[in-house]
Amino acid sequence: MPLPPVLRSLVRSTPTVAPVPHRAVVSITGSQAAEFLNGLTAASVPRHPHSHFYSAFLHAQGRVLHDIFIYSHTTPTGRSGYLIEYDARPSEAPPMIPMLKRYVLRSRVKIQDVTEEYDIWAAWGSEREKEWETERHWDFARSGVIEPVWNAEGEWPWGSTPGVLRDRRAVGMGHRLLVRKGDRPQEASTHDVASADDYLLHRILHGVPEGIDDIPPMQAFPMDSNMDIMGGLDFRKGCYVGQELTVRTYHTGQLRKRILPVAMHKPDTSLTSMEKLPDSPPNLPLQLEIRPQGVQTADESAPRLRARGTGKLLSSTRGVGLALLRLEQVAAVEQGRARFSLTNSDGQEWGVSPYWPDWWPQPPAETEASEASQ
């Protein structure tokens, strides 16, 4: 189901700008910077030298090391290069700069930590976004992989304005801004200035995972983490680290998990019947197990839920969160054959209801059936 009515009160509809915490920035310059990055990123480096993009660094077995934003950049001396934005918190992944330097070999590149020069902000909700946030088109693979199809004749989807990246991971995400350390973005004079927690809520409601809490390094697979839908993968580019398993999954595998937004509520209620959110939403830790439980139905022919694995709660705030869930279990919940629940540290049980973001792509057959029923 799309965003439930009870959750629409959480959506900020006015132009908003908010800081994005825990981010670091690395500079890569040199005559071979583009070729160097193209051998490492899971998406192709744009041919146009002034274009930004979103991608990931993977390890050899195809799991995510870092989800990244890459900004085209020109140094004060006029040299072209790139700025890589990533989650700077310690994790199981190797530190960014030593990892990159391991692959330099004879490449003519210079790698430098410039985190002390920049802050990251996000801006959304302005009329300006409607100029480039056009109708999305999608490519559906048999494996369940879904890719955005960008207009080859149009503007570069992620933008090329210095320091301003169009966040195309989901419809409505807005812009991402590189701002000089300690300064406020220009948008602060025309937008509501919100908190980092407001940005977290914004991307949860849009179903967008980000950073080590949602895409655990050395554990998460990129497609399970929606990086295909969010435009961070290129299944047709040449060799890069982690390519083999990623491309094999695209052609011959089958996706069984996705990250979806969820709402927490009392176990004896349903999300669609709720008139308001809980007065005291739970404060829940990361990686909490989400258990599927079968529900008896009058239809005896309905397949029984297989007790196979549990989901994991990822980022959460104000009673909503992101969760890594098995798709067969999500389907059972939607059909009324199962329900999800979790138990917090106090032993209190909460119901968990997933939903599909409004922008989530529907296969053509489903779209046609939905239009015919209206």
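Check the entry above for the structure.
What counts, and at which threshold
Residues numbered from 1 in each chain as written. Predicted model: local features only at pLDDT ≥ 70, side-chain atom pairs only at ≥ 80, totals over all residues. Heavy atoms only, no water. Helix = DSSP H or I, 4+ residues; strand = E, 2+ residues; numbered from the N terminus. Rg over C-alpha atoms; globule rule 2.2 N^0.38 Å. Buried < 20%, exposed > 50% of the residue type's maximum accessible area, 1.4 Å probe, protein only. Areas by Shrake-Rupley, 256 points an atom, 1.4 Å probe, with all protein chains shown as cover. Lys, Arg positive; Asp, Glu negative; His and termini not counted. Charge placed at Lys NZ, Arg CZ, Asp CG, Glu CD. Phe/Tyr/Trp six-rings, centres within 6.5 Å; stacked < 30°, edge-to-face > 60°. Lys NZ or Arg CZ within 6 Å of the ring centre and 35° of its normal. Salt bridge = Lys/Arg side-chain N within 4 Å of Asp/Glu carboxyl O. Pairing = 2+ DSSP bridges. Axes fitted to C-alpha atoms, helices over the stretch in contact; angles between N-to-C directions. Contact = heavy atoms within 4.5 Å.

A word on the overall build of the protein chain. Within the protein chain, the regular secondary structure consists of 7 helices and 18 strands. Over its C-alpha atoms the protein chain spans a radius of gyration of 21 Å, differing by no more than 12% from the 21 Å that the globule rule assigns to 374 residues. Taken along the three principal axes of its C-alpha coordinates, the protein chain extends 70 × 50 × 45 Å. Looking at the protein chain as a whole, 52% of its 374 residues are labelled buried. Counting only carbon and sulfur atoms, one obtains 49% of the accessible surface of the protein chain, whose full area is about 18200 Å². For the protein chain, the distance from the average site of its 41 positive side-chain charges to the average site of its 45 negative ones is 6 Å.

Attention now moves to the packing of aromatic side chains. Inspection of the entire model under this criterion finds 8 aromatic pairs. With 5.9 Å between their ring centres and 35 degrees between their planes, Tyr-54 and Trp-158 make a pair best called tilted. You can see Tyr-54 sitting in strand β3 (residues 53–58) and its partner Trp-158 sitting in the loop between β9 (146–148) and β10 (164–166), a full 104 residues away along the chain. The exposure class of Trp-158 is buried, given its relative accessible area of 2%. Judged by centre distance (5.6 Å) and plane angle (45 degrees), the ring pair of Trp-359 and Trp-360 falls under tilted. Accessibility classification places Trp-359 together with Trp-360 in one group, the buried group. Members of the aromatic cluster, connected to one another through ring pairs, are Tyr-54, Phe-69, Trp-150 and Trp-158. Above the ring of Tyr-54, the side-chain terminus of Arg-169 is found at 5.8 Å from the ring centroid.

This structure, assessed with the given rule, holds 26 salt bridges. One salt bridge in this structure joins Arg-236 and Glu-147, with 2.9 Å as the shortest N-O distance. Here Arg-236, found in the loop between α4 (211–214) and α5 (243–252), pairs with Glu-147, found in strand β9; they are 89 residues apart in sequence, far enough to count as distant. Through salt bridges with shared partners, one network takes in Arg-23, Glu-85, Asp-167, Arg-169, Arg-176 and Glu-210.

With antiparallel pairing, 6 strands are arranged side by side around a closed barrel as β13-β16-β15-β14-β17-β18. Strand-to-strand twist in this sheet, taken as the mean axis angle between neighbours without regard to direction, amounts to 40 degrees. Pairing analysis gives 4 bridges linking strand β13 (residues 257–265) to strand β18 (residues 349–354), with the strands arranged antiparallel. If you follow Val-262 over to β18, its bridge partner there is Pro-354. Relative to the sheet, helix α3 (residues 196–205) contacts β13, β15 (311–317) and β16 (320–326), its axis offset from that of β15 by approximately 135 degrees.

With that settled, consider the pairing of β16. The element β16 is largely enclosed, with a buried count of 6 among its 7 residues. The pairing of β13 with β16 spans 7 bridges and is antiparallel. In the strand pairing of β16, Arg-258 is matched with Leu-325. Across 4 bridges, β15 lies against β16 in antiparallel orientation. Bridging from a neighbouring strand, Ser-316 pairs with Gly-321 of β16.

Before going further, it helps to spend a moment on α3. Of all the 10 residues making up α3, 8 are buried; the element is thus mostly covered by neighbouring parts of the structure. Listed in full, the buried residues belonging to α3 are Asp-198, Tyr-199, Leu-200, Leu-201, His-202, Arg-203, Ile-204 and Leu-205. Looking one or two places after α3, you find Gly-207, whose phi comes out positive at around 75 degrees.

In this section: the sheet that holds β3. Across the sheet, which stays open at both edges, the 5 strands sit in the order β3-β4-β5-β2-β6 with antiparallel pairing between neighbours. Each edge of the open sheet is held by one strand with a lone partner, namely β3 and β6 (110–113). Each neighbouring strand pair of the sheet contributes to a mean axis angle of 30 degrees, computed without reference to strand direction. When strand β2 (residues 23–29) meets β6, the two strands line up antiparallel, connected through 4 bridges.

Okay, unusual backbone geometry next. Notably, Asn-226 is not glycine yet its phi reads approximately 70 degrees, a positive angle. Its location among the elements puts Asn-226 in the loop between α4 and α5. Asn-226 gets classed as buried once you look at its relative accessible area, which sits at 1%.

So, about the side chain of His-175. Secondary-structure assignment places His-175 in strand β11 (residues 175–180). Setting aside residues up to four positions removed in sequence, His-175 forms contacts with Trp-121, Ala-122, Ala-123, Arg-128, Glu-129, Trp-132, Val-164, Leu-165, Arg-166 and Asp-167.

Function-wise, these values are silent; they only describe arrangement.
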